Amino acid sequence: MGKLIVTDSSGKTSEFELTKERVTIGRHADNDIALADKAVSGHHAVVITVLQESFLEDLDSTNGTQVNGKAVTKHPLSHGDVITIGRNTLRYESNAGAEDDFERTMILKPGQFGAAFDAQVGKAVGGAPSSDAPRPPAAAAPAAAKPMLAKLRVASGPNAGKELELSKALTTIGKPGVQVAAVTRRADGYYIVHVGGDTGSQRPLVNGQPIDTQARKLSHNDTVELVGTKMTFLMHP
Amino acid sequence: MALKGKVATALRSDTGRVRGNNEDAVGEDPDIGLLVLADGMGGHNAGEIASGISVTTVLDVVRRRWAQLRHGEVDADSGHSVEALTLRAAIEQAHRAIHTLAQSQPQCAGMGTTIVACLLHDDRMSIAYVGDSRLYRLRNGKLEQITRDHSLVEELIARGHYSRADAERLVRKNIVTRALGVEPEVAIDLIEDTVEVGDLILLCSDGLSDMVSDELIGLTLAKHAATLDYAADALVTLANTRGGKDNVSVALARVDRSFARGRRWYERLIDWF
């Protein structure tokens, strides 16, 4: 986790540890780093810290944000970067000190993520009903990571209302020889894929569109049409 | 179940143009239909040790358990096939072996490895992976990345901070969020998917995917699909001509004939409707 050494327009310095995932910078008092300077926008910029890496983002400020003298909108922070906002400077210091070998693969250890990260993990594992919701992040313990659950509910025909729990990692649906699809569960959600090569034009439809060769991600309330039967894809709350 | 004559494979591992040693490892068991690829990290030769142990252990554990497996069964709790669970158990065993060695040998302290393993069975594939080594599938000329890296890039996208385009442009690609052997516990992701005749499956280390675009990987595979050895060489050459900054490894499998147990599995389905 890095920190910012803030030097304001009067020359006064203070330190700010980047312990939160989002640290806001601006003129208003509700910012984490409030800068009393008319050249600073109310909500001027934000520093996002994920694991031990920090990223600076300008929030469409009036006078812009500079790093080492260059205007930036989004910028990954490196040790020693000097951010200029109005008449204030903020120097970024990473806890790792000077940058190490850029090409080598590095591992970020879950143990170092801190409380903010754990809270984030808890939130994500709780799971929003939309499949666009963040997947359970990397550090979720294997035992705690309960698989997501979803189901298909038949929306038309004599079986309307009937439900199929998608409790398997790979579920196949349809009529063999006519049209078959497979629904697979991946880390970030459920995907549907056509099975059986190119059997004519009979590809399953999702929201009225035939699915491609590639797996298509399913979202909550998507309509899946297979062998003339309409089904609704539902994520469990 | 022998996959000889049904699935063709080609494996390559190359040091690249910059590194002094190759910390990647690849391996296969063509009879079972198992491909394993690992990208090790750690000082001295520790990266090589970690990736080497992981590949050897996974091959060994799956081979030993294969004959006793109740093939075709699905675990009710997890929804996974017994084959996928075997793959996960094998990777867990590799993880423990690496972690133990890293704890006991000072020169191995902090070593770790990514891993991606693919088990082909009954016209399906079970995939298990940790880190940023990937599995792609080429079907009808289109390349699809099946695994999702455990990396800082993906973490920022998943949390909604960055679009994929911004993250890939701005965020360092070489930061992984999970690896075998580093922490006492490791979370292994499992994916199960279908396999069709004509499919080409690619496992690769980031030495390929960081150097060569997905588009170019897809075009190269499509062009040389008929001669897998040539396709594998072409991918390694592409990574090296684009800088070869990292070790580059690829494991390719092409499905030439159905390898379903008995009838094709989807023809045995009972109509759900």
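Keep in mind that what you see is a predicted model, and the values were worked out from it rather than measured.

**Focus on the overall build of chain B**
At step 1: When you go through chain B residue by residue, the secondary structure sums to seven helices and 11 strands.
At step 2: Relative to its length of 273 residues, chain B is compact, with a C-alpha radius of gyration of 18 Å against a globular reference of 19 Å.
At step 3: Across its three principal axes, chain B shows a C-alpha extent of roughly 50 × 45 × 40 Å.
At step 4: Burial statistics for chain B: of 273 residues in total, 55% are counted as buried.
At step 5: The contacts of chain B with a sequence gap of at least 6 include a subset with a gap of at least 24, amounting to 71%.

**Regarding the sheet that holds strand S9 (residues 74-76) of chain A**
All names here are of chain A.
At step 1: Read across the open sheet, the five strands follow the order S4-S3-S5-S6-S9; overall the sheet is mixed. Unpaired on one side and paired on the other, strand S4 (33-34) and S9 mark the two borders of the sheet.
At step 2: Where strand S5 (residues 45-50) lies against strand S6 (residues 53-58), six bridges are found, and the strand directions are antiparallel. Its bridge partner being in S6, Ile-48 is matched across the sheet by Phe-55.

**Structural notes on the nonpolar core**
At step 1: In this structure, Val-36, Ile-91, Ala-117 and Cys-118 of chain B are the most contacted members of the largest nonpolar core, which totals 127 residues.
At step 2: The contact partners of Cys-118 of chain B, leaving out residues within four places of it in the chain, are Leu-35, Met-125, Ile-127, Leu-135, Ile-201 and Leu-203 of chain B.

**Topic: the UniProt feature "domain: PPM-type phosphatase" (unreviewed entry) in chain B**
At step 1: Feature annotation in UniProt assigns "domain: PPM-type phosphatase" (unreviewed entry) to the following positions: residues 8-255 of chain B.
At step 2: Measuring from the first to the last C-alpha atom of residues 8-255 of chain B gives 7 Å, for a span that is 35% helix and 28% strand.

**Topic: the environment of Thr-227 of chain B**
At step 1: Within the secondary structure, Thr-227 of chain B sits in the loop between helix H6 (214-223) and helix H7 (228-241).
At step 2: Separated by 122 residues in the primary sequence, Thr-227 of chain B and Gln-105 of chain B place their C-alpha atoms 43 Å from one another.

**Looking at the packing of H6 of chain B against H7 of chain B**
Residues and elements named next belong to chain B.
At step 1: Packing of H6 against H7 leaves a shortest axis separation of 9 Å and a crossing angle of 150°. The angle between H6 and H7 places the two elements in the roughly antiparallel class. For the crossing formed where H6 meets H7, the hand is right-handed. Each of Leu-216, Ile-217, Thr-220 and Leu-221 in H6 lies in contact with H7, whose residues at this interface are Ala-231, Ala-234, Leu-235 and Leu-238.
At step 2: Partitioned by chemical class, the residues of the contact of H6 with H7 number seven nonpolar, one polar and no charged.

**Focus: helix H2 (residues 82-104) of chain B**
All names here are of chain B.
At step 1: The terminal C-alpha atoms of H2, which comprises 23 residues, lie 33 Å apart, in line with the 33 Å expected from a rise of 1.5 Å per residue.
At step 2: Among all positions in H2, only Glu-83, Ala-84, Leu-85, Thr-86, Leu-87, Ala-90, Ile-91, Ala-94, His-95, Ile-98, His-99 and Ala-102 are buried.
At step 3: In this fold, the buried residues of H2 make contact with helix H1 (46-66), strand S4 (112-121), strand S5 (124-130) and strand S9 (189-194).

Procedures and definitions
Residues numbered from 1 in each chain as written. Chains lettered and ligands numbered in written order. Predicted model: local features only at pLDDT ≥ 70, side-chain atom pairs only at ≥ 80, totals over all residues. Helix = DSSP H or I, 4+ residues; strand = E, 2+ residues; numbered from the N terminus. Rg over C-alpha atoms; globule rule 2.2 N^0.38 Å. Buried ≥ 20, exposed ≤ 12 C-beta atoms within 10 Å, placed from the backbone. Contact = placed C-beta atoms within 7 Å. Pairing = 2+ DSSP bridges. Core = buried A, V, L, I, M, F, W, Y, C linked by C-beta atoms within 7 Å. UniProt positions renumbered as here; feature names shortened; annotations may be inferred. Axes fitted to C-alpha atoms, helices over the stretch in contact; angles between N-to-C directions. Parallel < 35°, antiparallel > 145°, perpendicular 65-115°, else oblique. Left-handed = near helix turned anticlockwise from the far one by under 90°. Nonpolar A, V, L, I, M, F, W, Y, C, P; charged D, E, K, R; others polar. Expected span 1.5 Å × (residues − 1).

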